[in-house]
Amino acid sequence: MTALRQRVAPAGAAGPVRLGRTLAGEDRLHWLRVVSVVFALTAWELVGRSMNPLFLPPPSRIVAGMVDSIGGDLLPAVWSSLGTFSLGYTISAVLGIPIGMAMGRSRLVEHTLDTFVYALYVVPTVAFVPLLVLWLGFGLVSKLIIVISVAVFPIIVNCYVGAHDVSTAYVEIGRASVATRAKIFFSVVVPATLPFILAGLRLSIARALTGMVVAELFTAIGGLGGLLMIYSNQLRTDLAFGPVIVLMTMGIGFTALLRAIETRVVAWKVTERATK
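About the criteria used
- Residues numbered from 1 in each chain as written.
- Predicted model: local features only at pLDDT ≥ 70, side-chain atom pairs only at ≥ 80, totals over all residues.
- Heavy atoms only, no water.
- Patch = residues over 30% accessible without salt bridge, like charges linked within 9 Å, V, L, I, M, F, W, Y side chains within 5 Å.
- Areas by Shrake-Rupley, 256 points an atom, 1.4 Å probe, with all protein chains shown as cover.
- Salt bridge = Lys/Arg side-chain N within 4 Å of Asp/Glu carboxyl O.
- Helix = DSSP H or I, 4+ residues; strand = E, 2+ residues; numbered from the N terminus.
- Buried < 20%, exposed > 50% of the residue type's maximum accessible area, 1.4 Å probe, protein only.
- Axes fitted to C-alpha atoms, helices over the stretch in contact; angles between N-to-C directions.
- Left-handed = near helix turned anticlockwise from the far one by under 90°.
- Nonpolar A, V, L, I, M, F, W, Y, C, P; charged D, E, K, R; others polar.
- Polar contact = N/O pair within 3.5 Å; in protein donor to acceptor, adjacent residues only side chain to side chain.
- Contact = heavy atoms within 4.5 Å.
- Arc of directions from axis to C-beta.
- Phe/Tyr/Trp six-rings, centres within 6.5 Å; stacked < 30°, edge-to-face > 60°.
- Expected span 1.5 Å × (residues − 1).
- Bend = angle between axes of the 7 residues up to and from the residue.
- Core = buried A, V, L, I, M, F, W, Y, C linked by side-chain atoms within 4.5 Å.
- Parallel < 35°, antiparallel > 145°, perpendicular 65-115°, else oblique.

Draft legend 1. Structural view of a nonpolar patch on the surface. There is a patch of nonpolar side chains on the surface, built from Leu131, Leu134, Trp135, Leu136, Val141 and Ile145 and spanning about 610 Å² of accessible area. Of all the secondary structure elements, the ones that give two or more residues to the nonpolar patch are α4 (129-136) and α5 (140-164). With 4 residues, α4 is the single largest residue contributor to the nonpolar patch. Among the residues examined, Ile145 registers a relative accessible area of 33% and is labelled partly exposed.

Draft legend 2. Expanded view of the packing of helix α2 (residues 59-105) against helix α7 (residues 181-218). One can describe the packing of α2 onto α7 by two numbers: an axis separation of 8 Å at closest approach and a directional angle of 140°. For the pair α2 and α7, the crossing hand works out as right-handed. Each residue belonging to the contact of α2 with α7 can be placed in one class, and the counts come to 14 nonpolar, 4 polar and 3 charged.

Draft legend 3. Local environment of the pattern of salt bridges. What the rule picks out here adds up to 4 salt bridges. Put simply, Glu45 and Arg49 hold a salt bridge, and the shortest N to O gap is 2.7 Å. With Glu45 and Arg49 both in helix α1 (residues 2-49), this residue pair falls 4 residues apart, about one helical turn. Between Arg61 and Asp238 there is a salt bridge, with its nearest N and O atoms 3.8 Å apart. With Arg61 in helix α2 and Asp238 in helix α9 (residues 237-265), this residue pair connects regions lying 177 residues apart in the sequence.

Draft legend 4. Main features of unusual backbone geometry. Positive phi is not limited to glycine here, since Leu235 has a value of about 60°. Among the structural elements, Leu235 can be located in the loop between α8 (223-233) and α9.

Draft legend 5. Representation of the side chain of Asp238 in the model. Looking at Asp238, the relative accessible area reads 9%, which means it is buried. Within the structure, Asp238 has its side chain in polar contact with the side chain of Arg236 (distance 3.3 Å). Discounting residues that sit within four places of it in the chain, Asp238 has contacts with Pro57, Arg61 and Ile62.

Draft legend 6. A look at α4. Among the residues of α4, Val129, Leu132 and Val133 are the ones counted as buried. Buried residues of α4 fall within an arc of 100° about the axis and therefore sit on the same side. Every exposed residue of α4 that faces more than 90 degrees away from the buried side is listed here: Pro130, Leu134 and Trp135. The inward-facing, buried residues of α4 contact α5 and α7. Once α4 ends, the next one or two residues include Gly137, with phi positive near 85°.

Draft legend 7. Main features of the packing of aromatic side chains. Under the defined criterion, the tally for this structure stands at 4 aromatic pairs. When the ring of Phe85 is compared with that of Tyr89, the centres are 5.5 Å apart and the planes differ by 15°; the resulting orientation is stacked. Of this pair, Phe85 and Tyr89 both sit in helix α2, separated by 4 residues, roughly a single helical turn. Exposure class is identical for Phe85 and Tyr89. Each is buried. Put simply, the rings of Phe85, Tyr89 and Phe254 touch in pairs and so form one group of aromatic residues.

Draft legend 8. Quick peek at α5. An ideal rise of 1.5 Å per residue puts 36 Å on 25 residues; α5 measures up with 35 Å between its terminal C-alpha atoms. Remark: the principal bend of α5, roughly 30°, maps to Val152, with a proline, Pro154, within the next four residues. In terms of burial, α5 is a largely internal element, 19 of the 25 residues being buried.

Draft legend 9. Up close: the nonpolar core. Counting 37 residues, the largest nonpolar core has Leu201 and Leu224 as the members making the most contacts within it. Listed by contribution, the elements that provide at least two residues to this core are α2, α5, α7, α8 and α9. The greatest single-element share of this core, amounting to 11 residues, is contributed by α7. The contacts of Leu201, once residues within four sequence positions are left out, are Tyr89, Ala93, Ile155 and Leu258. Formed by 8 residues, the second largest nonpolar core is a distinct cluster that contains Ile148, Val152, Ile156 and Val157.

Draft legend 10. Focus on the packing of α7 against α9. Running from N to C, α7 and α9 point in directions that differ by 170°, and their axes come no closer than 10 Å. If you check the angle between α7 and α9, you find them roughly antiparallel. Residues Leu194, Leu198, Leu201, Arg202, Ile205, Leu209, Met212 and Val213 of α7 pack against Leu247, Met250, Gly251, Phe254, Thr255, Leu258, Arg259, Glu262 and Val265 of α9. The residue makeup of the contact of α7 with α9, split by class, is 12 nonpolar, 2 polar and 3 charged.

Spelled out as structure tokens, the structure:
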């Protein structure tokens, strides 16, 4: 028995050892990411100081311009864009998740909607902007429709794939326990689809930000997109980088927030990836 334990113990300890090595590797990759960013900013600063600031201002000049514009047009533009993004993104999630889940679990819904979903998914949103302005004018509604039309489809497609690919064995176990269809859906299908839902929500962040900027450029000139156009027309390249940096920060921040939610809601999936 003692010899058996000695032979089994190293195999059982391999998991934690492998996980520890994975976490140590993640720490090294984190520092590599930091070093690469610092190196890129340093090179940008050196190159920018030797060029015409109209074409490529150095980061120090961009930061100084952002500090100056915070007390002027930048903060109101940020709040305006954040409101459009938040509302459009929320509506996209509220619409996209149930539509994608319904397509994944019902062949009737799938065959009814899949042609429209994939056709609208591949069409560039800019192509619809003149029509939306003609139909809805230059107000908030047209901006929200543009954001939703861009952000909703990654959510629908990911939810559809996740709900459609739920293992039949799990569903059969639920049926064998005489569970109702509603209970099987909420106890089996929804948890199995959660990683796909969160992936769709992450993908739609960048698309929602893109749709927001397109809406602000082509409908009502306002928000970060409108501010970017104004600074570009004034040939203030150092100030034009400000809205771009804010948009990057918003995208990175919202994506990091969803990743943090994923580690808590679907921790089993994160652990599974870490131990592979």
